[in-house]
Amino acid sequence: MSVKVMIPTPLRAYAGKKDSIEVKAGTVAEALTALTSQFGDLKKHLFSDDGRLRSFVNVYVNDEDIRYLQKDQTAVREGDTISIVPSIAGGARV
Amino acid sequence: MSGYTLKISQELMKKIHAHGVETYPHECCGALLGRDEDAGREVLDLLPLANRRDDSPRNRFEVTPDDVRLAEKTAREKRLDLIGWYHSHPDAPARPSEYDRDHAWPWYSYIIVSVQKGEPRDTTSWRLRDDRAAYDPESIEIKAH
């Protein structure tokens, strides 16, 4: 299945300066693996050292947050759009 | 020095300061909309946002993915880009904390305004390094108009 992965602006420099990448995948996990195999520098910005998606990286299939679907096992169909959406956090003290 | 420069008008900087004063002693946050071109990076508009961290708003801020999508959409409608974020550090220096770095994204400009006893003080801007190890300071160039 060919799906489109939308790359947010801060990560485009690590994805050949493209705003979207077409990958072949049956699930969100497969799509992200295909994406990071092609663009290795994306990995550290998407995944923590234990290989899990960073907590402030959000993934949508079409307009649905995968946390409310089957997370990274969410199935994707031909023509679906996967969006990587940042959430932003910070603060003065630890 | 990193060599990064962020241009912003005096008027928009005053709005960031006013937002930090308004939400004091809580942190304020908002999106920086503008352009990133060969000639440089410039803030041309702001989108003030609600701090979603109501459990610890004095030393934390959070912008939800829905608000990020709103900021991206607002930027597109204005034919601008979402180029970064601002937030305040109430009664704390205008330097990124370890928590800031852990949660930061590369490429974006992060403006931090220190608000001491309700008054805006130092204002700085930062960009996360590619390897996520540290921030580089970004000079702020205030334009009269």
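Just so you know, these numbers come straight off a predicted model, no measurement behind them. (Residues numbered from 1 in each chain as written. Chains lettered and ligands numbered in written order. Predicted model: local features only at pLDDT ≥ 70, side-chain atom pairs only at ≥ 80, totals over all residues.)

Of regular secondary structure, chain A possesses two helices and six strands. Put simply, chain A runs from its N terminus to its C terminus through helices and strands in the order β-β-α-α-β-β-β-β. Relative to the 2.2 N^0.38 estimate, which gives 12 Å for 94 residues, the radius of gyration of chain A is 13 Å and therefore close to what a compact globule would have. With respect to the principal axes defined by its C-alpha atoms, chain A has extents near 45 × 30 × 25 Å. Sorting the 94 residues of chain A into buried and exposed places 34% on the buried side. For chain A, restricting intrachain contacts to residue pairs at least 6 apart in sequence, the fraction spanning at least 24 positions comes to 53%. (Helix = DSSP H or I, 4+ residues; strand = E, 2+ residues; numbered from the N terminus. Rg over C-alpha atoms; globule rule 2.2 N^0.38 Å. Buried ≥ 20, exposed ≤ 12 C-beta atoms within 10 Å, placed from the backbone. Contact = placed C-beta atoms within 7 Å.)

What follows concerns the confidence of the model for chain B. Scored by pLDDT, chain B comes out at a mean of 94, with 99% of its residues at no less than 70. Interface scoring of the predicted complex returns ipTM 0.83; its pTM is 0.91. (pLDDT = per-residue confidence, 0-100.)

All names here are of chain B. What the seven strands build is a closed barrel, ordered β1-β3-β2-β5-β6-β7-β8; its pairing is mixed. Averaged over all adjacent pairs, the angle separating strand axes in this sheet is 35°, with direction ignored. The pairing of strand β5 (residues 81-90) with strand β6 (residues 109-116) spans seven bridges and is classified as parallel. Its bridge partner lying in β6, Trp85 is registered against Tyr110. (Pairing = 2+ DSSP bridges. Axes fitted to C-alpha atoms, helices over the stretch in contact; angles between N-to-C directions.)

With that out of the way, let us pick up the nonpolar core. Ranked by internal contacts, the top residues of the largest apolar core, which has 35 residues, are Leu32 and Trp85 of chain B. If we ignore the near neighbours within four places in the chain, the residues touching Leu32 of chain B are Val43, Leu46, Ile83, Gly84, Trp85, Tyr86, Ser109 and Ile111 of chain B. Counting 20 residues, the second largest nonpolar core, distinct from the first, contains Leu11, Leu35, Leu42 and Ile84 of chain A. (Core = buried A, V, L, I, M, F, W, Y, C linked by C-beta atoms within 7 Å.)

Attention shifts here to the interface of chain B and chain A. Each side of the interface is counted separately: chain B has 28 residues, and chain A has 17 residues. Put simply, the parts of the chain that give the side of chain B that touches chain A at least two residues each are β4 (61-63), α2 (65-77), β5 and α3 (98-102) of chain B. The element contributing the most residues to the side of chain B that touches chain A is β5 of chain B, with six residues. When grouped by side-chain class, the residues that make up the side of chain B that touches chain A number 14 nonpolar, six polar and eight charged. Note: strand β6 (residues 88-90) of chain A against β4 of chain B, three bridges, orientation antiparallel. What sits directly across from Ile88 of chain A, in β4 of chain B, is Val63 of chain B. (Nonpolar A, V, L, I, M, F, W, Y, C, P; charged D, E, K, R; others polar.)

Turning our eyes to something else, we now look at the sheet that holds strand β2 (residues 20-24) of chain A. Residue and element names in this part refer to chain A. Reading across from one edge, β2-β1-β5-β3-β4 is the order of the five strands in this open sheet, with mixed pairing throughout. One side of each edge strand has no neighbouring strand; the edge strands of this open sheet are β2 and β4 (64-65). Here strand β3 (residues 57-61) pairs with strand β5 (residues 81-86) via five bridges, running antiparallel. If you follow Val59 over to β5, its bridge partner there is Ile84. Here helix α1 (residues 28-38) sits on the sheet in contact with β1 (2-6), β2, β3 and β5, set at roughly 115° to β2.

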